[in-house]
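# Results of the structural survey
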Amino acid sequence: MEEKKTFYLTTAIAYTSGKPHIGNTYEAVLADSIARFKRQQGYDVRFQTGTDEHGQKIEIKSEEAGITPKQFVDDVSGQIKGIWDLMNTSYDKFIRTTDKYHEKQVQKIFKKLYEQGDIYKGFYEGMYCTPCESFFTSSQLVDGKCPDCGRECQPAKEEAYFLKLGKYTDRLIEHINTHPDFIQPESRKNEMMNNFLLPGLQDLCVSRTSFKWGIPVDFDEGHVIYVWIDALSNYITGLGYDVDGNNELEYDKDLFAKFWPANLHLIGKDILRFHTIYWPVMLMALNLPLPKQIFGHPWLLQNDGKMSKSKGNVIYADELVDIFGVDAVRYFVLHEMPFENDGVVTWELVTERVNSDLANTLGNLVNRTISMTNKYLGGIAEDKGSTEPVDNELKDLVTSAYKKVAGKMEALRVADAITEVFAIFKRCNKYIDETEPWILGKDESKKDRLSTVLYNLVESIITGASLLEPFMPETTCKILSQFNTVKKDINNMDKFGLYVPGTKVTDKPEILFARHDIKEVLERAEEINVKQVSANSKDIEDEKVIDTKAKPEITFSDFEKMQFQVGEIIACEEVKKSKKLLCSQVKIGSQVKQIVSGIKQYYKAEEMVGKKVMVLVNLKPAKLAGVLSEGMLLCAEDAEGKLALVSPEKDMPAGAEIC
RNA sequence: GGCGGGAUAGCUCAGUUGGCUAGAGCACACGGUUCAUACCCGUGGUGUCAAGGGUUCAAAUCCCUUUCCCGCUACCA
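This section reports on the structure supplied with the text. (Residues numbered from 1 in each chain as written. Chains lettered and ligands numbered in written order. Predicted model: local features only at pLDDT ≥ 70, side-chain atom pairs only at ≥ 80, totals over all residues. Heavy atoms only, no water.)

## Concerning the sheet that holds strand β5 (residues 119–123)
Strand pairing within a sheet occurs via backbone hydrogen bonds; the two strands may be parallel or antiparallel. The antiparallel open sheet is built from three strands, whose spatial order is β5-β9-β11. Since the sheet does not close on itself, it has two edges, and those belong to β5 and β11 (204–205), each with one partner. As judged from the five bridges shared by β5 and strand β9 (residues 159–163), these two strands associate in the antiparallel manner. Within β9, the position partnered with K121 by the bridge is Y161. Packing of helix α4 (residues 100–115) onto the sheet brings it into contact with β5 and β9, and relative to β5 it is tilted by some 80°. (Pairing = 2+ DSSP bridges. Helix = DSSP H or I, 4+ residues; strand = E, 2+ residues; numbered from the N terminus. Contact = heavy atoms within 4.5 Å. Axes fitted to C-alpha atoms, helices over the stretch in contact; angles between N-to-C directions.)

## Overview of the pattern of salt bridges
Evaluated as defined, the whole model comprises 27 salt bridges. Overlapping salt bridges bring together D32, R36, R330 and E469 as one network. (Salt bridge = Lys/Arg side-chain N within 4 Å of Asp/Glu carboxyl O.)

## Points about the side chain of R46
Locating R46 in the fold gives a position in strand β3 (residues 44–52). Although buried, R46 forms no salt bridge, and the nearest oppositely charged side chain, D92, lies 6.0 Å from it. Within the structure, R46 has its side chain in polar contact with the backbone oxygen of G238 (distance 3.1 Å). (Buried < 20%, exposed > 50% of the residue type's maximum accessible area, 1.4 Å probe, protein only. Lys, Arg positive; Asp, Glu negative; His and termini not counted. Polar contact = N/O pair within 3.5 Å; in protein donor to acceptor, adjacent residues only side chain to side chain.)

## A short note on the protein's contact with RNA strand B
In the neighbourhood of RNA strand B, 44 residues make up the surrounding shell, with N194, N360, N364, L619 and G631 lying closest. In the interface set of RNA strand B, defined as its atoms within 4 Å of the protein, sugar plus phosphate atoms amount to 66%. In the model, a sugar or linking oxygen of RNA strand B is placed 3.0 Å from a nitrogen or oxygen of the R188 side chain. At 3.2 Å from a sugar or linking oxygen of RNA strand B is found a main-chain nitrogen or oxygen belonging to M632. Elements that contribute at least two residues to the surface near RNA strand B include exactly α6 (186–197), α13 (347–377), α15 (414–435), β20 (591–597) and β22 (622–624). Of the residues in the surface near RNA strand B, the class split is 15 nonpolar, 14 polar and 15 charged. (Near = heavy atom within 4 Å. Nonpolar A, V, L, I, M, F, W, Y, C, P; charged D, E, K, R; others polar.)

## Focus: the pairing of strand β14 (residues 264–268)
Burial of β14 is extensive: five of the five residues sit out of reach of the surface. On β14, burial covers both faces: L264, L266 and G268 on one face and H265 and I267 on the other are all buried. In this sheet, β14 lies alongside strand β1 (residues 6–11) in parallel orientation, the contact comprising three bridges. Paired with T11 across the bridge in β14 is L266. In this structure, β14 lies alongside strand β15 (residues 294–297), joined through four bridges in parallel fashion. From the neighbouring strand, G268 faces β15, where its bridge partner is H297.

## Here we look at unusual backbone geometry
In this chain, W260 is followed by P261 through a cis amide linkage whose omega measures 5°. Locating P261 in the fold gives a position in the loop between α9 (254–259) and β14. The phi dihedral of N287 falls on the positive side, at around 60°, and the residue is not glycine. Looking at the secondary structure, you find N287 in the loop between α10 (272–285) and β15.

## Examining a nonpolar patch on the surface
A cluster of nonpolar side chains, contributed by I554, F556, F559 and M562, occupies part of the molecular surface with about 390 Å² of accessible area. The residue F559 is located in helix α21 (residues 556–560) in this model. (Patch = residues over 30% accessible without salt bridge, like charges linked within 9 Å, V, L, I, M, F, W, Y side chains within 5 Å. Areas by Shrake-Rupley, 256 points an atom, 1.4 Å probe, with all protein chains shown as cover.)

## Some details on the nonpolar core
Within the largest apolar cluster, 101 residues are counted, with the highest numbers of intra-cluster contacts made by L9, I22, I34, F324, W347, F471 and F483. Per-element tally for this core: the top contributor is α13, with 12 residues. L165, Y226, W260 and W279 belong to the second largest nonpolar core, which has 58 residues in total. (Core = buried A, V, L, I, M, F, W, Y, C linked by side-chain atoms within 4.5 Å.)

## A few points about helix α2 (residues 56–65)
Taken together, the buried positions of α2 are occupied by I58, E59 and S62. The buried residues of α2 occupy one face: seen down the axis, they fall within an arc of 105°. Buried positions along α2 lie against β2 (14–15), β3 and α3 (69–86). One or two steps after α2, the chain reaches G66, where phi turns positive at roughly 75°. (Arc of directions from axis to C-beta.)

## Let's talk about the packing of aromatic side chains
For any two aromatic rings, the description comes down to two numbers: the centre-to-centre distance and the angle of the planes. Following the criterion strictly, the structure yields 20 aromatic pairs and no others. With a centroid separation of 4.7 Å and an interplanar angle of 25°, the aromatic rings of Y114 and F219 are classed as stacked. Placement of Y114 in helix α4 and of F219 in the loop between β12 (207–208) and β13 (224–225) is noted, with a sequence separation of 105 residues between them. Residue class for Y114 comes out partly exposed when judged on its relative accessible area of 32%. Taken together, the ring pairs connect Y8, Y235, Y241, F256, F259, W260 and W279 into an aromatic cluster. One Lys or Arg, K19, reaches over the ring of Y316 and ends 4.3 Å from the middle of that ring. (Phe/Tyr/Trp six-rings, centres within 6.5 Å; stacked < 30°, edge-to-face > 60°. Lys NZ or Arg CZ within 6 Å of the ring centre and 35° of its normal.)

## A short note on the packing of α13 against helix α18 (residues 473–482)
Packing of α13 against α18 brings their axes to within 11 Å, and their N-to-C directions diverge by 10°. It follows that α13 is roughly parallel to α18 by the angle criterion. When α13 is examined against α18, the residues L362, V366 and I370 are found in contact with a partner set consisting of T475, I479 and Q482. (Parallel < 35°, antiparallel > 145°, perpendicular 65-115°, else oblique.)

## Brief notes about the environment of R427
For R427, the location among the structural elements is in helix α15. You can call R427 buried: its relative accessible area is 9%. For the pair formed by R427 and T25, sequence separation is 402 residues and the distance between their alpha carbons is 32 Å. Filtering out sequence-adjacent residues up to four positions away, R427 remains in contact with E393, L394, L397 and E434. Side-chain polar atoms of R427 contact the side chain of E434, separated by 3.4 Å.

In structure tokens form, the structure reads like this:
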């Protein structure tokens, strides 16, 4: 017996901070369509997905909710799995990073890398220059000395573990250059090369001491393993990988040997860096082969910019499914997502696609074909051999469709692949027009021709429905059962005429996809929005509170060192070389200081003028983007990083001391 | 600021190494048809191919300049 070829693909594991919106769900559906397609092709497929459950954010959220982190992630992970199941994703393995075997292996991996010197203990903050009171990373130092004053720097602050990236950089660059498909789409490859690899990599800090909710470093109490080391490892721990080969058989031992290296890591474009740099380095350090391909897919966004819970305009997969059904949503996300640019999702667009492609083109085709078969032929369409030249066009298109679909899928052009399938259905509609069965039906002598025409249609639809299975599995089943037949085998896709003669179609064709009225859809969307807003009003309250990491206590004399005064902005202009910086002339008492601040996104230069703001006056001057800054304008920052200037509550003169 | 990618029909976009009157889908209009979920089929664009210049027998496609968008990245005292 010949071994089947294997295909291992993964999604990124979803972070368990909350319910996944349609954009997250897209990735799971995309992966599922690829997994199903590969299975259809005869591969032995393993499809892994799951949840990423550690980190400070979850620790904080669970505290707020008054439950343990584990309780919190159990709940959210369950929700995520529920949506993946709702979307009919056929994963073979749903891994959780709180699974015991995973945690144990991550500790072993960390230890091994430490013991062989790829991870070393260092200091998180970096190099400290006492006179300048500044930290620098080692790469910022000039000849090992402070880049500002040229004096000696000392390592300082928090102990932490680092992963040596430099050691493997050349190998990684070489690998990327010799494997053009390794990073897809190609433009992403350039970003990684130009921004990280070619300039040289700084060692990555791979441990934390500021929170507890993570996998502990088992040989150094207080340290928790960086969440990305933890998360990335899932791709091998989920296969039962064991560092020293002595796993307690929680997994089939053969899985890892069978499926690693992965054929495809499917991830969002935002986490490409972790997958194309840190993950390959980890694997090289573990002396394991690298995955064949990493695809950073674009995002599905909402029209009016960012989705926000507080606006109640987040579109969730289950809400779309409520209205349109699972396969309609699968179809939309797969069809609407381009290869390289972000896609857009709105209620209007979904309605339009469902009506036009699913209800009109596909649903109506199946319906009219079955109706005619019943009306004219008593439900049995057989090939009576009465062919005409026009038939060949249809047959050619149908029998060549699989090849085209396979080509698109090979290139991960899933949207294009699904379009190829629909070309069959469109051609069928045209064929009906060309052959006019309702006219043939009126003439008893044309009965054989009529039967052949309908047979050709049925065969074509069955072929199309079979090809549709990776994308819309339920619809495939529904169509095939209406024709009382089974899926056409992939090896027979180039053959025409396999529908068994004498098969009777269903008496009552079921409507596959209902047409939706856009007004009604929007009304329902509005109801959902209202619900979201009220359901999240508590969350909104929570969002107003921000917890930051506590800094060490300071003495009053520490505080006294800082001089705060009210400043009046008398002039302000943009720093031309920078996207974020504004340069203000600030009147403080009788003197004027020039201060540069990174607030261009939030304030225009004109509107700055005349404002009274709080200024830290005695900060050591520094150059930003080449412009001298002699102090700091104080701002409040929210969770999204938006800034607001801090002003005295009553009008105060410029120069007034703040104490 | 550095690197990269864009700018093509009302909308979303295709246009491979320069080469037949610049295309597809959606929307819209008209015509046809009635088996069907008011569906399907056909026909319809005067598009400055962002602007300007250059190379060429020939440029949406190559080169230069400009404007505007987007991505990654840096500066965020």
